Amino acid sequence: MTEASEELRAENARLRARVEDLENVEITLQALEEAGMVGRMSGPTTESELVELIVAAAEHIVGAQGSALFLVDEVAKELIVEVVRGGGGESLRKFRLPLDKGIVGFCATTGQPLVVDDATQDPRWAADIGDAVEYWPKTILSVPLIVQDRVIGVLQILDRIDGPFDATDIETASHFATLAAVAVEQHRLLRDLTERVGSTLADQTVEQRNETSRSLSYGEALSVANSLSRIARRGDAAGRLAERLVGALERYFETMRPAS
Amino acid sequence: MKVSLPAWSDKFSAENLSLVSDGLPEGPITREWAWGNTSGRGIRVGILDSGIDGHHPAVGKEISGWASFYLDRASGEVVRSMEVHDDSFGHGTACADVVRRLAPEADLVSIKVLGSNLRGRAVEFLAGLDWAIQEGLDVINLSLGTTNSDYYAKFHRLTEEAYFRGICIVTAVNNMPIVSYPSMYSSAFSVACVPDREGYDPFEFYYSSSPPPEFGASGVGIDLAWAGGNTLSVTGNSFAAPHIAGLLARIRSKHRDLTPFQLKTVLRATALNTSGAEL
Amino acid sequence: MLSLLSDAAIAGKVFDGGTHKELLEEIVLMARRVVGACGATLFLIDLETEELVVELVHGGSEKELENLRLPVGRGIAGYVAATGQALAVENVQNDVRWAQDVGAKMTYRPDRILGVPLIRDDEIIGVLELIDKEDGASFSVDDIDSVSRFAIMAAIALEQSKTASTLTWVLRAALADLGDGRKTLSKVSLDQAKRLEHDPEHHQQLAVAARLGRILRAGPAERRLCLELVESLLAFRQVSTEEQSDP
């Protein structure tokens, strides 16, 4: 009988520890969210807003009637339509195209900018894009988004208002493509890391659990950090202040320690 | 049993209705009719801005009134001073210069709501506008707005009050596609600058039937008085607004009884893009 | 792991993350390029000190401007910051007070300045200034429109930078701790991790944060002292700022 109750007690202790574990992880995740970190970053709104603004600006400054942004999905060998302006609109978002078809496919695969003066005549223009969007542009300028020698997407400017696309337009569009590439990469990096941290937090080992149970009240730590950064506005000044404060406190506590 | 009428309907009851005789002419509204031979005399124009440099030669005739508004952070109250003040940025002086060009004899009142106090901006602005309206100024030029939606209701109430009291509030729209009060209210005269054109004619302005903005006036590359004594060549929507303000002052000095509604009608009729507009 | 994360979060709050620096630079560079200006400066508004602080500068007199702080009550940038209205000036040297206050701090004397506000969520957060078009022409209404578009982008990038800053710190720290888990990361993240491993400043900052974390974890008395000290400093700072700005 005693053995069984011993086992039961041990089992209960394990379960309690496990629950505490989960609670601690939960609390930390909550704290992270409250600190406005995890929750807000995963929101797609501001990211896509920025990319849309970049595409709209490119269209406006080159002087055209439409534009589109495609992103490469290397695994699926497809292009995802991220932005479409001037026809199609919302219905086309997240639509997927094969990587090797059409003018956009050519640009994505070769990494070469391309100008088409009459898309209706060109066999490289896939009719399926036009059908899907119900917008058949006549003139198309395509430039690749390149990051560290990889093509990560394509920016297209459609139907130039005053005459055909020229070399200056290619240059202008390329600059906007660079801007878009940086924006997209930033977003991906952070999204990537967010997912890792989330799953890492969920898998807690026994050793880490011990550390967790000693862990500080997270909100307070953040509050101290917040105050420090408000006292000294710029990052480096706040850092120096933090260092001095920490040093002073450590020395103080050293003197307070009872003589051993 | 006597049926009581809903409020306001009285105006339209049979015994009260009569042929309208407000200040507008029976024939076409012409520029000559609107502001020919006038100079803005007797009309008070408030420049709600960064102050006016009273020493600047271009400002000409003496400034008729001074009021500045400052948020005292210790007490949380907005403090009003009636002392002569300076122009913090130079912008207010430029707007005063424009109004002077169109209405040389109008009375200018400087309402300073811009200084070095960024945080108290919106409340200072509100206080300044409120004062200007209570003072009964005929035209108030605001070449600034607030984007703070917390103040939407307060500014809206003030602008409406001004409208019904016969006060013209002239504002510059923000050039970005963002909301800015009070230029987004229908009761205000919202103005944008006309993109680069040949030559400069302060009386050149246009009307848009899809506001905001409702009017377009000169605002590109204009030489204007700037605080400190010099002139600066400046561009911006905020320099187009005072053109309309000055014009309104001119029109009002000739036609005292026109309401903002009627004044908008006059401006529409005399805009350069209205067919049949006689110059 | 969790204490590491919290240390990293502290570091993120205290030290300037600057995650979107590259993006911001690209935006400012584009604005300058599109308009053909000789220089561009991005100012941020520091509400506590009522100043405009230079965040980024390209061309013009880069070195001089980098650490510049301007009182917000003067000049083109000041007006734009106060009103949210865009403004262009042709012969800015004629503004005697600007020339004295701001112009005197620089060797490069611009003639034309275009100032455009950065607005996000009802708030004016900064000013983007462009200087002297290379072809000598004036800034046109089209230029104002173009630059305004970039200003909106910059405002978004800045907002993202703020929220991302702390998170990025946390995530970077997590990266370091992942060990084998790293194999599943994308190339971009791996590059980041490698770069950080060899960045002494990163380690130093994390160390300071760790020390702070240890103090806070040492016990309730230690925690209380630390909190009270920091709060007092902050209160003192706020009072002295207000006293300085009284007319």
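Each remark here, short or long, concerns the structure printed above.
Residues numbered from 1 in each chain as written. Chains lettered and ligands numbered in written order. Predicted model: local features only at pLDDT ≥ 70, side-chain atom pairs only at ≥ 80, totals over all residues. Heavy atoms only, no water.

## Comments concerning the overall build of chain C
Selection criterion: Secondary structure is summarised from DSSP: a helix means a run of H or I of at least four residues, a strand means a run of E of at least two, and numbering begins at the N terminus for each. Partly exposed residues are those whose accessible area sits between 20% and 50% of the maximum for their type, while under 20% is buried and over 50% is exposed, using a 1.4 Å probe and protein chains only. Here, two residues are considered to be in contact whenever any of their heavy atoms come within 4.5 Å of each other. Computed by Shrake-Rupley with a 1.4 Å probe, the accessible areas treat only the displayed protein chains as cover when residues are assessed.
Each helix and strand counted, chain C has nine helices and six strands in total. Here chain C, with 247 residues, has 62% of them falling under the buried criterion. Once local pairs closer than 6 in sequence are excluded, the contacts in chain C between residues at least 24 apart make up 60%. Carbon and sulfur atoms make up 50% of the accessible area of chain C, which totals about 9,500 Å².

## Some remarks on the overall build of chain A
Check the secondary structure of chain A and you find nine helices and six strands. Of all 260 residues assigned to chain A, the portion counted as buried reaches 47%. Total accessible area computed for chain A in this model is approximately 13,600 Å², and 52% of it derives from carbon and sulfur atoms.

## Details of helix α2 (residues 21-35) of chain C
Residue and element names in this part refer to chain C. Note the threshold: What a helix should span is 1.5 Å times the count of its residues minus one.
An ideal rise of 1.5 Å per residue puts 21 Å on 15 residues; α2 measures up with 21 Å between its terminal C-alpha atoms. Taken together, the buried positions of α2 are occupied by L23, L24, E26, I27, V28, M30, A31 and V35. Taken from the residues just after α2, G36 is the one with a positive phi, measuring 75°.

## Section: the sheet that holds strand β8 (residues 205-207) of chain B
All names here are of chain B. The test is simple: Strands are labelled as partners when DSSP assigns at least two bridges between them. Axes here mean lines fitted to C-alpha atoms, for a helix over just the part in contact, with angles spanning 0 to 180 degrees between N-to-C directions.
In space, the nine strands of this open sheet follow the order β3-β2-β4-β1-β5-β6-β7-β9-β8, with mixed pairing throughout. Only two strands of the sheet have a single partner each, and these edge strands are β3 (77-81) and β8. Shown here is a sheet whose adjacent strand axes are inclined to one another by a mean of 20°, direction ignored. Examined bridge by bridge, strand β6 (residues 168-172) and strand β7 (residues 189-193) share three bridges and lie parallel to one another. The partner of T171 across the bridge, within β7, is S190.

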